[in-house]
Amino acid sequence: MASDKTLTNKRIRLRIPKDYHQEPVISRLVSEYGLTVNIAAAILGANAVGDGWFDLDLQGTDAQIKSGLNYLQELELEVWDETKSGNW
């Protein structure tokens, strides 16, 4: 049985609508949820026009990752994970 302190990894793709460009969404995953976040890829429009897309590698405990994903869901951001990666 895994310990509550065991670190796991989760890869997600996140769409950040232009209305959120000034919000520290990814920074909050680190500061408020204790996750290590690696930006594996990003697509951003010129001059912050349009949506941004980020491929993120999240590392943390299962509880931290779940809390971070709940935060993104509360913001109503589109999130894909490896179970839906066929659409990437």
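Use the structure listed above.
These numbers come from a predicted model, not from an experiment. (Residues numbered from 1 in each chain as written. Predicted model: local features only at pLDDT ≥ 70, side-chain atom pairs only at ≥ 80, totals over all residues. Heavy atoms only, no water.)

Caption draft 1: Layout of the pattern of salt bridges. Summed over all chains, the structure comprises 8 salt bridges. Residue Asp55 is joined to Arg13 by a salt bridge in which the shortest nitrogen-to-oxygen separation is 2.5 Å. On the criterion of sequence distance, the pair formed by Asp55 in strand β3 (residues 52-60) and Arg13 in strand β1 (residues 8-16) is long-range, its members being 42 residues apart. Exposure remark for Asp55: the relative accessible area of 8% places this residue in the buried category. Across the pair Glu78 and Arg15 runs a salt bridge whose closest N-O atoms are separated by 2.5 Å. Placement of the pair is Glu78 in strand β4 (residues 78-81) and Arg15 in strand β1, with a sequence separation of 63 residues. Using a relative accessible area of 33% as the deciding quantity, one classes Glu78 as partly exposed. Judged by its relative accessible area of 16%, Arg15 falls in the buried class. When salt bridges that share partners are traced, they join Arg11, Arg13, Asp55 and Asp57 into one network. (Salt bridge = Lys/Arg side-chain N within 4 Å of Asp/Glu carboxyl O. Helix = DSSP H or I, 4+ residues; strand = E, 2+ residues; numbered from the N terminus. Buried < 20%, exposed > 50% of the residue type's maximum accessible area, 1.4 Å probe, protein only.)

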